[in-house]
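Below are the chains, spelled out letter by letter.
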Amino acid sequence: MRAFFDWLDDRTGYRDLVGAALYEHIPGGARWRYVWGSTLVFAFFMQVVTGFVLWTAYSPSAQTAWESVAYIQYDMQGGWLVRGLHHFMAQAMVVLLALHLMQVVIDGAYRAPREINFWLGLILMQIVLGLALTGYLLPWDQKGFWATRVATNLMGIVPVVGADLQRLVVGGTTYGHHTLTRFFALHAGVLPALLVFFLVLHVALFRRHGIHARDPERKPDHTFWPEQVMRDAVACLAVLLVVLGLVFLPGLGDRPAGAPPGYYLGAELGAPADPASPYSAARPEWYFLFLFQFLKFFHGETEIYGAIVIPGAVMGVLFLMPILGRWRLGHGFNIGFLIVMGIGIGALTVQAMVEDRGDETYLAAVEQAEMNATRVRDLTHAPEGIGAAGALALVRQDPMIQGPLLFNRHCVMCHTHVDENGHGLAGDEAPTASNLYGFATREWIAGLLSPEHIGTAAYFGATPYKQGDMVGWVNDTVPSMSDEEKADLQKVVAALSAEAHLPSQEAIDARDAATIEEGATLLKETVGCADCHRFHDAGELGSAPDLTGYGSYGWLSEFISDPTHERFYREAVDGGMPGFATHRENPLANKLSPEQLDVLVRWLRGEWYRPEFTLASTTGEGAAADPAPPPASDTTSAAPTPEASSEATMPAAAEPAAENPSAPAEPVEEPASPNEPEPGEESPADSPQAEEAPTEDAPAATPPAEEPPAADSQPSEEPTPTPEADSENEPAPSEPVSEEPSATL
């Protein structure tokens with residue numbers, strides 16, 4: 001081997017190179033304060049290695065970026081670890097940069113003849129911050145998208161060239177595919193190349209001038225090897241351990257058993273970027289948070305001072321330090337300036353965090369964003385996976401995410417959707433229609449047939465039907481029923497609820513098939529429902545809603561589309577529910593598009609994909625995005641009578657949650673930023689990509705339930721719905737439904 005190394009040294013002279021590197025003279029001996037430069041080089045090396053690995057799986061386009069990052073995070077072997085190292089090492093570099101800068105200035109290592117090397121260091125710092133900024137966008141999630149949008153908007157403030165500069169970086173006038181590809185080119189190509197170039201110059205000049213020891217007399221001189229090398233190695237190991245700790249830190253919290261590590265370890269990944277759904281929780285990474293907070297002090301025309309003039313002046317002072325530091329007083333000024341700057345940055349960062357913690361809107365947006373992120377992660381692992389339309393389509397078509405938003409926009413003015421604990425969706429005003437939480441479940445129907453509940457705000461209490469035949473029948477008939485008749489009524493409840501084919505009741509419906517069949521016979525022949533309602537081959541249309549298929553996808557779709565259809569109320573009534581999709585030949589004139597109607601109906605029915613495992617922290621209390629129907633219970637064999645059962649299981653109707661802690665955050669408002677983002681082009685729920693409405697339960701030719709079987713078998717006396725200022729003749733814009741009272745489902 002010695003002969004080989006002798007030959008190699010003869011050809012390359014490597015021994016001289018290694019000797020020069022290891023045996024560099026260190027005046028005053030090895031010290032821990034010299035380790036920061038080496039740790040920065042180590043961190044950059046780690047970024048290069050992990051960056052190349054990520055590059056093998058990353059796909060930079062607006063429709064594939066998030067999907068490829070999700071693959072890396074959740075599916076690629078060890079991808080979560082590589083991504084986590086890359087993510088947190090980038091943040092470590094910012095900290096190491098600040099420490100290195102402080103050490104250089106305090107030790108006076110920026111003064112002659114090292115001025116140029118100090119300036120090279122400042123240029124390297126700018127490049128590292130540029131890498132952090134451009135890398136933030138690459139996952140193409142909501143947080144990165146909107147934070148980057150705010151940051152790039154600041155470019156537009158630059159005098160004269162601001163607009164052109166912003167357009168150049170963004171890749172046009174709108175944020176999208178070109179923005180992403182340009183940021184990727186900067187992050188993975190231009191900036192690393194510049195960093196390597198300036199780093200080589202920086203190290204070369206460092207080697208030329210050597211280490212500047214602040215107090216070289218304290219210890220005898222030494223060489224770089226072995227003591228300083230060991231210190232540097234220990235420092236690099238410590239940095240790596242800290243970063244690994246941050247990668248594994250999320251694993252200390254709640255985690256689902258059996259879930260892959262990428263579900264709870266590594267860097268976070270938000271929901272896919274949606275330009276149509278502004279994100280009020282958008283914030284820059286913590287190391288830019290001080291600047292975000294600082295900009296809040298400047299408004300309107302003064303914004304340029306906070307965004308350009310003052311930061312530019314600060315950077316100018318940093319570049320002037322080598323000149324100011326020629327004098328003792330100037331050196332003291334430089335140190336004091338850095339200390340004040342550090343305190344200012346720290347104070348602004350803390351202030352921003354404190355303000356955010358007290359901002360309920362921000363906290364709600366963060367909570368909603370976390371739930372959406374968890375939900376879309378689960379959706380990507382649904383059997384259907386991510387389709388050709390990308391992950392964003394999953395978000396826009398998901399009933400669990402979009403259902404509450406649609407309900408808030410179109411239904412909450414009249415209805416509530418509140419569980420027995422008061423969690424759910426409710427408007428600011430008292431409801432004028434029923435509580436739809438758990439609609440068509442056995443518990444909900446049991447409450448409908450309960451004298452104690454039917455007259456409350458959960459059902460007919462605030463509707464035009466509160467004095468109708470159904471309320472009268474329940475109040476007059478049910479209390480006088482014998483035990484046997486009440487037992488039969490429970491079977492009717494089971495039979496009617498089974499018409500809905502609710503996913504949450506599949507098991508008990510299958511188990512109680514015989515009871516349901518018996519209840520259907522009772523409903524037709526004995527209890528008297530068919531006196532007013534139609535139910536399959538019994539009864540006639542015209543007196544009360546059709547009960548065939550009650551609560552099913554088809555029944556609900558038809559009812560919401562047009563409650564005045566002959567299957568239901570036949571004609572509108574004052575205070576009755578308006579039709580949301582009455583224009584079958586011109587869907588654009590409807591309040592709800594077919595896709596929106598599909599999503600809303602599936603959400604009301606609790607019909608959405610449920611993952612095998614989900615983080616407990618995302619499904620805990622207040623899970624507004626998971627307003628699932630109440631768990632199906634046995635109301636036929638073990639449950640109480642309609643009165644009793646409703647007592648135990650019905651949502652607290654008459655007391656609609658005044659507060660709505662779990663209500664989904666309404667779309668957006670841009671984060672407090674000087675530059676308001678452009679309004680989104682389309683609402684998520686308006687997406688044309690929503691899936692087609694299922695047809696399995698398509699409207700049978702039968703009427704719904706709702707109205708009570710009148711005891712005298714006369715046509716229902718309930719107030720007949722009158723078409724409200726309806727949209728029958730005037731094309732209704734697909735949005736607002738406000739102020740239109742609604743009947744109850």
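This is a predicted model, so every value here is computed, not measured.

Conventions and cut-offs
- Residues numbered from 1 in each chain as written.
- Predicted model: local features only at pLDDT ≥ 70, side-chain atom pairs only at ≥ 80, totals over all residues.
- Heavy atoms only, no water.
- Helix = DSSP H or I, 4+ residues; strand = E, 2+ residues; numbered from the N terminus.
- Buried < 20%, exposed > 50% of the residue type's maximum accessible area, 1.4 Å probe, protein only.
- Contact = heavy atoms within 4.5 Å.
- Areas by Shrake-Rupley, 256 points an atom, 1.4 Å probe, with all protein chains shown as cover.
- Polar contact = N/O pair within 3.5 Å; in protein donor to acceptor, adjacent residues only side chain to side chain.
- Core = buried A, V, L, I, M, F, W, Y, C linked by side-chain atoms within 4.5 Å.
- Phe/Tyr/Trp six-rings, centres within 6.5 Å; stacked < 30°, edge-to-face > 60°.
- Salt bridge = Lys/Arg side-chain N within 4 Å of Asp/Glu carboxyl O.
- Patch = residues over 30% accessible without salt bridge, like charges linked within 9 Å, V, L, I, M, F, W, Y side chains within 5 Å.
- Lys, Arg positive; Asp, Glu negative; His and termini not counted.
- Axes fitted to C-alpha atoms, helices over the stretch in contact; angles between N-to-C directions.
- Parallel < 35°, antiparallel > 145°, perpendicular 65-115°, else oblique.
- Nonpolar A, V, L, I, M, F, W, Y, C, P; charged D, E, K, R; others polar.
- pLDDT = per-residue confidence, 0-100.
- Expected span 1.5 Å × (residues − 1).
- Left-handed = near helix turned anticlockwise from the far one by under 90°.

For the rest of this paragraph, the subject is the overall build of the chain. Of the regular secondary structure elements, the chain holds 24 helices and four strands. The 745 residues of the chain split such that 53% are buried. Within the chain, counting contacts between residues at least 6 apart in sequence, those at least 24 apart form 76% of the total. Taken as a whole, the chain presents about 33100 Å² of accessible surface, with 60% of it coming from carbon and sulfur.

Looking now at the environment of Ser61. Summarising the element assignment, Ser61 is placed in the loop between helix H3 (35–55) and helix H4 (65–75). In this structure, the C-alpha to C-alpha distance between Ser61 and Phe184, residues 123 residues apart in sequence, is 9.5 Å. Apart from the residues lying within four places of it in its own chain, the contact partners of Ser61 are His177 and Leu180. At 2.5 Å, the side chain of Ser61 and the side chain of Thr64 are in polar contact.

Time to look at the nonpolar core. The nonpolar side chains of soluble globular proteins are, as a tendency, buried together. Counting residues in hydrophobic clusters, the biggest one holds 72 residues, and the most contacted among them are Met89, Phe118, Trp140, Leu195 and Met321. Here this core takes eleven residues from helix H5 (residues 79–106), the largest share from any one element. Setting aside residues up to four positions removed in sequence, Phe118 forms contacts with Leu101, Val104, Val105, Tyr110, Leu318, Met321 and Pro322. Formed by 61 residues, the second largest nonpolar core is a distinct cluster that contains Phe439, Leu449, Phe568 and Trp608.

The subject of this paragraph is the packing of aromatic side chains. The description of an aromatic ring pair uses the distance of the two centres, along with the angle that the planes make with each other. Scanning the model with the defined rule gives 27 aromatic pairs in all. An angle of 85° between the planes, with centres 5.6 Å apart, marks the rings of Trp55 and Phe184 as edge-to-face. Within this pair, whereas Trp55 is found in helix H3, its partner Phe184 is found in helix H9 (residues 177–209), the two being separated by 129 residues in sequence. With 6.2 Å between their ring centres and 25° between their planes, Phe439 and Trp555 make a pair best called stacked. Of the two residues, Phe439 sits in the loop between strand E4 (424–425) and helix H17 (442–448) while Trp555 sits in helix H22 (residues 553–561), which places them 116 residues apart along the sequence. Each member of the pair Phe439 and Trp555 is classed as buried.

What follows concerns the pattern of salt bridges. Inspection of every chain in the model, using the stated rule, returns 23 salt bridges. Across the salt bridge formed by Arg207 and Glu24, the nearest N and O atoms sit 2.9 Å from each other. Residue Arg207 is found in helix H9, and its partner Glu24 is found in the loop between helix H2 (14–22) and strand E1 (25–26); the two are separated by 183 residues along the sequence. Since its relative accessible area comes to 10%, Glu24 is described here as buried. Between Asp107 and Arg33 there is a salt bridge, with its nearest N and O atoms 2.5 Å apart. Pair noted here: Asp107 is in the loop between H5 and helix H6 (115–137) and Arg33 is in the loop between E1 and H3, with a separation of 74 residues, a long-range link. Relative accessible area serves as the criterion here: at 30%, Arg33 is assigned to the partly exposed category. Through salt bridges with shared partners, a single ionic network connects Arg442, Asp509, Arg511 and Asp512.

What follows is about a nonpolar patch on the surface. Taken together, the side chains of Met1, Phe4, Phe5 and Trp7 make up a nonpolar region of the molecular surface, amounting to roughly 460 Å² of accessible area. Tracing the backbone through its elements, the reader meets Trp7 in helix H1 (residues 2–12).

Our focus in this paragraph is the side chain of Glu285. For Glu285, the position within the fold is in the loop between helix H10 (224–248) and helix H11 (289–294). No salt bridge is formed by the buried Glu285. Its closest oppositely charged neighbour is Lys143, at 5.0 Å. Among the polar contacts listed, one links the side chain of Glu285 to the side chain of Gln91, at a separation of 3.5 Å.

Moving on: unusual backbone geometry. A cis amide bond, omega 10°, links Ala112 with the succeeding residue Pro113. Checked against the element boundaries, Pro113 lands in the loop between H5 and H6. The omega torsion of the bond from Trp225 to Pro226 falls at 5°, within 30 degrees of zero and hence cis. Looking at the element boundaries, Pro226 is found in helix H10. Phi at Trp140 is positive, roughly 60°, even though this residue is not glycine. Here Trp140 shows up in the loop between H6 and helix H7 (142–153). Given the relative accessible area of 5%, Trp140 is considered buried.

Relative to each other, helix H16 (residues 399–410) and helix H23 (residues 594–604) sit at 100°, their axes nearing to 8 Å. Taken together, the axes of H16 and H23 are roughly perpendicular relative to one another. Where H16 approaches H23, its residues Pro399, Met400, Gln402, Gly403, Pro404, Leu406, Phe407 and Arg409 are matched on the opposing element by Gln596, Val599, Leu600, Arg602, Trp603 and Leu604. Residues of the contact of H16 with H23, tallied by class, amount to nine nonpolar, three polar and two charged.

Per-residue pLDDT for the chain averages 82, and the proportion of residues at 70 or more is 81%. Per-residue pLDDT stays below 50 along residues 615–745; that stretch engages in 410 contacts with residues further than four places along the chain or on separate chains.

The end-to-end C-alpha distance of H5, which contains 28 residues, comes to 40 Å, matching closely the 40 Å that a straight helix rising 1.5 Å per residue would cover. For H5, the tally of buried residues reaches 20 of 28 residues, placing the bulk of the element in the interior. One or two steps after H5, the chain reaches Gly108, where phi turns positive at roughly 75°.

Our focus in this paragraph is the environment of Glu227. As for its placement among the helices and strands, Glu227 is situated in helix H10. Since its relative accessible area comes to 36%, Glu227 is described here as partly exposed. Spatially, the C-alpha atom of Glu227 lies 8.3 Å from that of Gly29, the residues being 198 residues apart in sequence. If near-sequence neighbours (up to four positions away) are discounted, Glu227 is found in contact with Ala30 and His222.

The next point concerns helix H13 (residues 328–357). With 30 residues, H13 should reach 44 Å at 1.5 Å per residue; the first-to-last C-alpha distance of 44 Å fits that figure. For H13, every residue scored as buried is listed here: Gly330, His331, Asn334, Phe337, Leu338, Leu348, Thr349, Ala352 and Asp356.

Interaxial distance between helix H12 (residues 303–324) and H13 falls to 9 Å at its minimum, and their mutual angle equals 155°. The pairing of H12 with H13 is recorded here as roughly antiparallel in orientation. Here the hand of the crossing between H12 and H13 comes out left-handed. Along its contact with H12, which presents Val314, Val317, Leu318, Met321 and Leu324, the element H13 presents Gly330, His331, Phe333, Asn334, Phe337, Leu338 and Met341. Looking at side-chain class alone, the contact of H12 with H13 contains nine nonpolar, three polar and no charged residues.

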